[in-house]
Each structure stands twice: as C-alpha cells, then as structure tokens.
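Next come the chains, spelled out residue by residue.
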Amino acid sequence: MIKLAHLTKRFGSFTAVNNLSLEIPDGEFFGFLGPNGAGKTTTIKMMTGLFAPTSGSVTMNGFDIQNQPLDAKSTFGYIPDQPFLYDKLTGREFLYYIGGLFKMPKETIRREIEKTVEHFEIGEWVDKRTEDYSQGMRQRITIAAAFVHSPRTIIIDEPMVGLDPRSARIVKDSLRQKSREGVTVFMSTHNMEIVEELCDRIGIIKDGRLIFLDTKENLHHHKSKFDGKLESVFLELTK
Amino acid sequence: MALLFHIILFKTKMFWKVTTARSMQSVIKNAASFVVFGSFAVGGFFFARFTTAYLLQHVQVGLFLFHRFIAMALFVFFLAINLGNMVVSYSTMFRSPEVHFLLTSPVSHLNIFIIKFLDNFFYSSGTLFLAGLSVLLGYGSYFGMPWYFYLFAMFGVLVPFMLLAGCLAVIVLLLLLKLAEKVSVKGLLAALIVFYFLQIVLYFTVTSPVHLVQEVMKYYPNVNLYFGHLDPPLTKMLPNYWAAQILYFVIAGRFDIVAGYWLLLLCASIASFMFMLAAGNKLYYSGWLTSLTLRLFSFKSKSAKKSFLSFEQHSHFEPQTEVLLKKEFWQFFREPSQWIHFSIMMVLVIVFLSSVGALDVTLQRPQWRAAIYLVLLTFNIFLMTSIALRFAFPMMSLEGTAYWTLRSSPLRIQSVYWTKFLILLLPLVIVSLCTAVISGIPFRGFPMLMRLSVAVMALAMVCLASLNFGLGAYFSNYTEKNPIRIASSQGATLTFLLSLTYLVFIISIFFVPLVLFFRAMYFNEQFHAVVIIIATAVLALLTALVSLTAHAMGVRSLRRDF
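Here the structure is a predicted model, which means the values were calculated and not measured.

Helices and strands together make up the secondary structure of chain B, namely 20 helices and zero strands. The C-alpha radius of gyration computed for chain B amounts to 25 Å, which stays within 12% of the reference 24 Å derived for 562 residues, consistent with globular compactness. C-alpha atoms of chain B, sized along the principal axes, occupy 70 × 60 × 50 Å. Within chain B, the proportion of its 562 residues that are buried is 51%. Taking all contacts inside chain B whose residues are at least 6 apart in sequence as the whole, residues at least 24 apart take part in 82%. As displayed, chain B offers around 25900 Å² of accessible surface, 73% of which is attributable to carbon and sulfur atoms.

See the structure below:
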C-alpha cells in the first residue's frame with residue numbers, strides 16, 4: 001500500500017507539489033497523469049527517496065520513506081523516466097548488481113535473471129556493455145532490474161519512452177500480470193491509451209495539486225460528458 | 001572568422017552568466033572561491049619569496065644555481081601543462097557532446113578545433129596560471145622589481161611558455177589519433193609513456209643537479225658569477241631554459257640578452273600554434289571519427305564471467321559490499337581514461353623515486369640537507385595531491401546519472417560513501433608509503449627521518465584522500481561523465497588549492513625542526529626529538545580536523561535531492 005499524506009515539495013519560492021494526499025491499496029494499478037511540469041516526477045522522486053519532502057510524508061507498504069528508508073525501499077522497484085545505467089557494466093552484471101543491493105542470494109538472482117531475460121527477450125544483448133545499448137534496450141534492462149527482486153510495489157515513470165511496439169507490449173503485459181499477482185503499480189504517464197487499458201484508478205495532477213481522482217468505471221461517466229475520450233477529459237481538466 | 005567570434009562570444013556570455021548567477025548559493029560559492037583562490041595566491045607569493053630568500057641568503061646557492069633550479073622546476077611545470085593539456089584535450093576536443101552539436105551545424109572543422117582548443121587551454125591551465133602568477137610575484141618582490149616586470153613576465157614569458165606546452169600536447173594527440181587508424185592503441189600508449197619517461201630521465205641525467213651544485217660550489221663564495229659553460233648544450237634548446245635565462249638576465253640587467261631569449265620563446269610559441277592549426281585543419285575531423293571507434297579493451301564476456309571479480313561468482317563479502325566493490329573495479333578498469341591516467345601517474349612516481357633513490361646527500365651542509373629532505377617530502381606529497389585530485393575527487397560524481405540505483409535501493413548511503421573511500425584509501429596509502437620509504441633512502445643514516453617520512457606521508461595521504469573524496473562528494477556533478485573534467489572543475493580547483501595549503505603547512509611546521517636536526521647531526525650536538533614529535537602531533541591534529549570536516553561535508557551532501 002502507498003500512502004501520501006499532505007506531501008509538499010518547494011524549490012525556493014516555487015511549489016512543485018502542493019499538499020498532495022493519496023492512498024493506493026495493495027494490488028491496485030494506479031495511473032498518475034498530468035501535463036508537463038505538473039509535479040509527477042517530483043512526487044515519484046519523493047516516493048522513492050530521491051527527494052526529501054518539504055512537508056508531509058510517504059508511507060510505502062507500512063514504512064515511512066524518510067524514517068524507515070531501508071525497510072521502505074526493500075519493498076518497491078523503481079523504473080525512472082530516463083533509463084540511466086552504469087555504462088561499463090553489461091546488462092547481466094547490472095541485474096546482478098541490483099540483486100546484490102537488495103541482498104538477494106546468488107542462486108535466486110541467477111534464477112530470477114534467467115526468468116527476466118527470457119521474459120523481456122533480452123538474451124541477445126544482455127552480455128554486452130550497456131553503453132552500446134539503444135534507448136529501448138536500456139529501458140527494458142531498467143524494467144527487468146525493477147522486477148528482479150520481486151517487489152510488492154512497482155513505481156514507474158513514463159514506461160513507454162523509447163520502446164518499440166513489441167517491447168511496449170511486453171512491458172504492458174508484464175505490468176498487468178504483476179498487478180494480477182497482487183503487486184501495487186504506481187505509473188506516471190502521458191499515454192492515455194495505456195491508462196485506459198491498464199489502470200484501475202486514475203489521478204490527475206496540475207500545478208502540484210491533485211485535481212482529479214476516480215476509478216476507471218467512473219471515468220466512463222466523465223467521458224460521456226465530452227466526446228467519449230479520456231484525452232478530452234484530461235485536456236478540459238488541465239486547461 | 002565572424003562565426004568564430006560569434007561562438008566565442010556566446011560561450012563567454014554563458015560562462016559569465018554561470019559565474020555571476022545571483023542566487024545565494026552562487027554568491028556563497030563565489031565568495032568561498034575568492035577566499036580560497038586569494039589565500040592560495042597570497043600563500044604562493046610568500047612561499048616563493050621565502051624560498052628565494054632562503055636559498056640565496058641562507059643556503060647561498062648564488063644567482064646562477066638558483067636560476068638553474070628554476071629551469072628544472074619549469075621543465076616539470078612544462079611537462080605538467082603538456083600532459084594535462086593532452087589528457088584534457090582528448091575529452092574536450094573529441095569526447096565533448098558540444099562537438100557533436102557543432103559538427104551538425106555549418107561551422108568549419110577548423111573553427112570547431114580552435115574553439116575547443118581555447119576551451120581546453122583555459123580550462124586546464126587556469127590554476128597553473130594562477131600558481132605561476134603568485135610565484136612570479138613572490139620572486140619579483142624579493143628582487144624589488146618594478147610593476148612592468150610582472151606584466152612582462154606574465155604575458156611575455158609565462159603565457160607563451162604555457163601556450164607552447166599546450167600546442168605541443170594537442171599536436172602529439174592529433175598525431176596519435178592519426179596513427180591509431182593503423183597501429184594498435186595499446187602500443188601507441190606504451191610508446192607515449194616510454195617517450196615521456198625517457199624525456200624526464202634524459203633531462204635529469206644531462207643536467208645532473210648534484211654534479212652542477214658541486215661544480216658551482218667549487219667557486220664558493222663567488223657563486224653569483226655566470227657559469228654558462230656548465231650548461232649542457234642539449235638543455236639550451238628547451239623552452240624552460242629560455243624562460244629561466246630571461247629571468248636571470250632581467251635580474252642581471254642584461255636586457256640585450258633578455259631580448260634574444262624572449263624572441264626565441266615567442267617565435268617558438270607562435271610557430272607551434274600555427275603548426276597546431278595546420279595539423280588541426282588536416283587531422284581534427286579524421287581524428288574525431290577515429291575517437292568514436294576507439295576502444296582499448298574488449299573484455300571477453302566469458303573470461304570476465306570466470307574471474308573471481310565476476311558478479312556471478314560468490315564472495316565472502318556481504319552482498320551489498322560485494323556488488324559495490326565489483327562495480328567500482330569494472331568501472332575503473334573498463335574506462336580507458338581512468339586506468340591510462342593512473343598508469344601514467346605511476347610511471348611518474350617510479351621515475352621520481354628511481355631518481356631520488358640514488359641521490360647522494362652525505363657531503364651536504366645542514367641547510368642543504370634540510371632543504372633536500374623538505375623538497376623530496378614536498379614532491380612526494382605533491383604527487384599524492386595530484387593522484388588524490390585525479391582519482392579521489394571524481395569518485396562520487398562518477399556514480400553519474402545511475403546514482404538513482406543506489407538512492408532508491410535499501411542500503412545506507414553512508415555505507416556506499418565509506419566503502420568507496422576505503423577502496424580508494426588502500427592503494428593510495430600503499431603508494432604513499434612506498435614513496436616515503438624509497439625517498440628516505442638518501443637519508444638512511446638517520447632512522448628517525450625514515451620514521452618521520454612514513455608518518456608524515458601516511459597522515460598526508462589520509463588527509464588528502466579525505467579532503468578530495470569528501471569535497472568531491474560535496475561538489476558532485478552527476479551529469480558529467482568525464483573524470484578528467486570533473487577533476488578540473490571549479491570545485492576540484494578549490495580542493496587542489498586547499499591541498500596545496502595543507503602541503504605548505506607541512507613544510508612550515510617541519511622546516512625549523514629539520515634544520516635543527518641536521519645542524520645537531522652536523523656539529524655532533526644533542527638533538528631533542530621532542531621537537532619533531534610535537535610537529536608530528538600538530539600535523540596529526542590538523543589531519544584529523546581536515547579529514548573529519550571533509551567527510552562530514554561529503555556524507556551530508558549525499559542526502560541532497562537527486
């Protein structure tokens with residue numbers, strides 16, 4: 001479960017996230033939408049411990065990210081918007097590296113890597129250095145790294161950037177499968193189709209404030225007020 | 001030409017905007033820079049003035065010998081600029097993303113080459129320029145020189161001297177890249193290392209400082225005479241000799257001779273600059289294309305998997321420590337600019353140590369012995385300062401944009417900090433202790449000095465590693481991938497100056513105890529070792545203070561937003 005309570009982040013006089021409160025129960029697939037600069041990535045960075053909130057708190061699976069960071073971090077896998085990797089390591093080494101950081105036994109890492117390599121179809125280039133990878137390959141390795149330690153929650157920022165249609169399909173299927181297995185997924189994206197296809201509940205953030213929060217079922221009701229498209233609801237709300 | 005000025009103008013504007021940003025952080029940073037740079041300049045001034053006075057009045061080396069020492073120092077200075085420019089120019093001129101951008105715009109290759117050369121020259125020579133200026137001021141003030149001497153020495157001597165070293169570096173680099181199309185890069189690099197090694201050995205064999213001192217001292221007390229006949233012909237063709245001669249004859253008031261050497265230096269600088277432009281026009285673009293495909297090592301994945309350092313192999317370490325250690329190892333040895341630079345520095349250390357190991361100090365007077373001991377100690381610490389700056393300072397920044405993996409993982413970020421620090425400290429302490437022991441060989445008759453060298457070097461290495469690593473974390477720049485650029489950033493320059501201040505402090509506190517020690521040995525008097533013990537305790541205290549402060553700053557900075 002993810003709980004954001006009165007979360008605020010200021011950079012000098014600019015407020016990027018303003019008093020954001022949100023609860024996402026276990027196993028829910030949550031879509032986090034918003035225009036550019038709305039505060040989506042800032043929120044995610046506070047959830048993952050990359051930013052310290054100015055005020056408010058983040059609880060990940062019962063652990064406060066600021067006060068119990070190690071317990072909280074061991075429960076989630078994070079996929080950033082930019083798949084930055086260690087250039088000099090191969091994809092496989094990077095996966096072992098992540099497994100080690102999560103204190104996984106070698107045998108489990110090996111087994112999980114074999115599974116992930118096959119699932120994400122990365123066997124052909126997993127033993128090449130990541131500096132030689134394309135954006136899509138990097139993205140797939142990053143997603144594989146988030147899956148390798150079997151997290152209870154997956155936090156994913158713009159998952160489809162740089163992915164070709166086949167890779168995008170693999171990622172979508174994997175996320176859906178994880179959600180079915182009871183994993184909570186918090187996904188930030190611009191892609192309306194993916195939101196409609198995958199998410200159970202949707203939140204829209206604008207100027208750091210949550211301006212919309214509802215289930216997919218209720219979303220149909222909102223859509224009917226416009227031309228039946230989520231895109232129109234989004235454009236109207238974020239106008 | 002208009003396009004060239006257009007680009008330079010915008011680059012200058014950008015630099016100006018960055019350095020004069022009005023945020024509170026920027027003001028504090030600039031004020032701190034001003035204080036450190038200013039203190040360094042003042043320190044350099046007094047150090048140069050004191051050293052000049054000491055050598056001329058107390059040790060009485062005479063003007064000729066003193067300027068030959070300057071020539072030797074300038075030789076090392078020339079090589080430092082030359083090597084520094086070569087290493088930095090590879091990253092600035094060939095690996096910079098700005099070159100990719102400029103190559104897609106209608107700017108000629110020659111213009112890109114000039115822009116990047118200037119970028120490189122000012123970037124890598126700024127601190128050395130400041131060091132040269134403060135030393136010149138100290139030197140000139142001792143002789144009571146008028147204001148125009150400094151202008152002449154700075155812009156007429158120092159700038160052409162540095163430009164010559166920079167141009168030669170770029171020419172060598174262009175030729176290397178041209179050869180890299182046909183010859184193995186490993187072979188080329190080995191040849192380059194041997195070439196520089198031979199240059200240093202040849203220079204100090206030909207000039208033979210000990211022999212020179214003995215020859216001049218035969219004329220004591222008439223050591224202020226000109227002993228030009230003792231100069232080996234080979235050294236007269238070198239720019240460091242011309243620069244030293246200019247200074248000598250300015251002091252002697254022989255401006256006709258000054259004019260000759262000055263013209264020689266100026267012509268050599270202009271000629272090397274023109275030659276560099278011609279080489280750049282012909283070789284820059286092809287060199288850039290070569291640099292894209294240049295890879296020194298291609299580790300076979302199979303052999304990497306078998307190695308005990310493979311991620312797949314079990315180890316006795318706790319999993320987080322294990323993967324951190326292995327990551328550091330592979331990141332270092334798969335990045336050519338890291339291990340090549342490290343190898344070059346180790347070669348320099350070996351050259352230095354092989355030279356000093358054979359030094360004979362048995363017949364020297366107490367002041368001479370104290371001076372030689374301190375010079376050796378200074379050189380040792382300076383070498384360690386350079387190594388620490390180059391390898392310790394960029395270490396946290398080199399986590400790069402992948403730092404998110406550590407920050408979002410369930411591990412204490414402090415453990416990452418200390419693990420990295422210990423990985424760094426161990427080899428540095430080993431190298432520094434080796435230098436302490438080998439450079440102590442000329443003083444093997446005095447066991448206390450050997451113990452002192454070891455203690456001072458160990459303390460200095462801990463302090464320098466802590467200072468560079470801690471401040472490297474504090475000034476971390478996770479977006480810069482190039483370790484050389486990180487090690488020559490503004491934060492790195494500040495750290496370097498602080499390290500030099502620490503070095504000057506070491507010399508200041510040990511100078512008097514060492515003179516007393518050698519005097520006591522020379523005149524067979526009793527020496528109270530407590531003087532040395534107190535000085536060492538003071539150094540230990542300072543080391544602890546500096547190290548703890550640097551680590552506190554470093555650890556604190558890791559919690560910053562990423």
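Moving on: the packing of aromatic side chains. Residues and elements named next belong to chain B. With the rule as written, the count across this model stands at 61 aromatic pairs over all chains. Ring centres of F50 and F511 lie 5.7 Å apart, and the angle between their planes is 85 degrees; this geometry places the pair in the edge-to-face category. Of this pair, F50 sits in helix 2 (residues 24–58) while F511 sits in helix 19 (residues 490–522), and the two are 461 residues apart along the sequence. Residue classification places F50 among the partly exposed positions, given a relative accessible area of 45%. Classification of F511 as buried rests on a relative accessible area of 16%. Ring centres of Y226 and Y248 lie 5.4 Å apart, and the angle between their planes is 40 degrees; this geometry places the pair in the tilted category. In this pair, Y226 sits in the loop between helix 8 (209–217) and helix 9 (239–252) while Y248 sits in helix 9, placing the two residues 22 residues apart along the sequence. Residue class for Y226 comes out partly exposed when judged on its relative accessible area of 37%. Through a chain of ring-to-ring contacts, the aromatic side chains of F64, Y219, Y226, F227, Y248 and F249 assemble into a single cluster. Directly above the ring of F391 sits R390, whose terminal nitrogen or CZ lies 4.6 Å from the centroid.

For the rest of this paragraph, the subject is the confidence of the model for chain B. The predicted model of chain B averages 86 in pLDDT, with 95% of residues at 70 or higher. Quick note on the complex model: pTM equals 0.76, ipTM equals 0.80.

What follows concerns unusual backbone geometry. Residues other than glycine seldom take positive phi values, yet E158 of chain A does so here, at roughly 50 degrees. On the secondary structure map, E158 of chain A appears in the loop between strand 7 (153–157) and helix 6 (165–180). Among the residues examined, E158 of chain A registers a relative accessible area of 13% and is labelled buried. With a phi close to 55 degrees, N524 of chain B is a non-glycine residue in the positive phi region. Positionally, N524 of chain B belongs in the loop between helix 19 and helix 20 (530–557). Exposure remark for N524 of chain B: the relative accessible area of 74% places this residue in the exposed category.

Right, let's talk about the environment of V42 of chain B for a bit. When you line up the elements, V42 of chain B lands in helix 2. When the C-alpha positions of V42 of chain B and G138 of chain B are compared, they lie 8.9 Å apart, and in sequence the two are 96 residues distant.

What follows is about the domain arrangement of chain B. Residues and elements named next belong to chain B. Segmentation of chain B into domains returns domain 1 (33–294) and domain 2 (320–562). On a C-alpha basis, the centres of domain 1 and domain 2 stand 25 Å from each other. Taken together, the contact pairs 30 residues of domain 1 with 27 residues of domain 2. In total, domain 1 and domain 2 occlude about 2800 Å² of area from one another, counting both sides; carbon and sulfur atoms represent 78% of this. Taken together, the connections running from domain 1 to domain 2 amount to zero salt bridges. On inspection of domain 1 and its partner domain 2, the count reaches one residue pair in polar contact (both at pLDDT 80 or more).

So, about the sheet that holds strand 2 (residues 14–24) of chain A. All names here are of chain A. In space, the four strands of this open sheet follow the order 2-1-4-5, with antiparallel pairing throughout. For this open sheet the edge positions go to strand 2 and strand 5 (63–64), each flanked by a neighbour on one side alone. Where strand 1 (residues 2–11) and strand 4 (residues 55–60) come together, five bridges link them in antiparallel fashion. Its bridge partner lying in strand 4, K3 is registered against T59.

Turning to the interface of chain B and chain A, a few remarks are in order. Each side of the interface is counted separately: chain B has 38 residues, and chain A has 39 residues. Both faces combined, the contact of chain B with chain A buries some 3500 Å², and carbon together with sulfur accounts for 58% of it. On the chain B side of the contact with chain A, F311, R334 and W404 of chain B bury the most area, a combined 20% of that side's loss. Counting across the chain B and chain A interface gives six salt bridges. Ionic pairing is found between E93 of chain A and R334 of chain B, a salt bridge with its closest N-O pair at 2.7 Å. Across the contact surface, chain B and chain A share 16 residue pairs in polar contact (both at pLDDT 80 or more). Of all elements in the fold, only helix 11 (301–306), helix 12 (319–333) and helix 15 (404–407) of chain B reach the threshold of two or more residues within the side of chain B that touches chain A. Across the side of chain B that touches chain A, the residue classes tally to 13 nonpolar, 10 polar and 15 charged.

All names here are of chain B. For helix 9, which comprises 14 residues, the first-to-last C-alpha distance of 20 Å matches the rise-based estimate of 20 Å (1.5 Å per residue) to within 8%. Most of helix 9 is tucked away: 12 of the 14 residues are buried. Within helix 9, the full set of buried residues consists of P239, N240, Y241, W242, A243, A244, Q245, I246, L247, Y248, F249 and V250. Contacts made by the buried residues of helix 9 are with helix 3 (62–94), helix 5 (109–142), helix 6 (147–179), helix 7 (185–207) and helix 10 (255–293). G253, located one to two residues past helix 9, shows a positive phi value of around 75 degrees.

The next point concerns the sheet that holds strand 10 (residues 209–215) of chain A. Residues and elements named next belong to chain A. Taken in spatial order, the six strands make up an open sheet running 6-7-8-3-9-10, and their pairing is mixed. Here the strands that pair on one side only, and so sit at the sheet edges, are strand 6 (76–79) and strand 10. Pairwise comparison of adjacent strand axes, ignoring direction, gives a mean angle of 15 degrees for this sheet. Direction of pairing for strand 9 (residues 201–206) relative to strand 10: antiparallel, over a ladder of six bridges. Each residue of the ladder has a partner; that of R201, found in strand 10, is T215.

Criteria and cut-off values
Residues numbered from 1 in each chain as written. Chains lettered and ligands numbered in written order. Predicted model: local features only at pLDDT ≥ 70, side-chain atom pairs only at ≥ 80, totals over all residues. Heavy atoms only, no water. Helix = DSSP H or I, 4+ residues; strand = E, 2+ residues; numbered from the N terminus. Rg over C-alpha atoms; globule rule 2.2 N^0.38 Å. Buried < 20%, exposed > 50% of the residue type's maximum accessible area, 1.4 Å probe, protein only. Contact = heavy atoms within 4.5 Å. Areas by Shrake-Rupley, 256 points an atom, 1.4 Å probe, with all protein chains shown as cover. Phe/Tyr/Trp six-rings, centres within 6.5 Å; stacked < 30°, edge-to-face > 60°. Lys NZ or Arg CZ within 6 Å of the ring centre and 35° of its normal. pLDDT = per-residue confidence, 0-100. Domains from an automatic or database assignment. Buried area = accessible area lost by both parts, 1.4 Å probe. Salt bridge = Lys/Arg side-chain N within 4 Å of Asp/Glu carboxyl O. Polar contact = N/O pair within 3.5 Å; in protein donor to acceptor, adjacent residues only side chain to side chain. Pairing = 2+ DSSP bridges. Nonpolar A, V, L, I, M, F, W, Y, C, P; charged D, E, K, R; others polar. Expected span 1.5 Å × (residues − 1). Axes fitted to C-alpha atoms, helices over the stretch in contact; angles between N-to-C directions.

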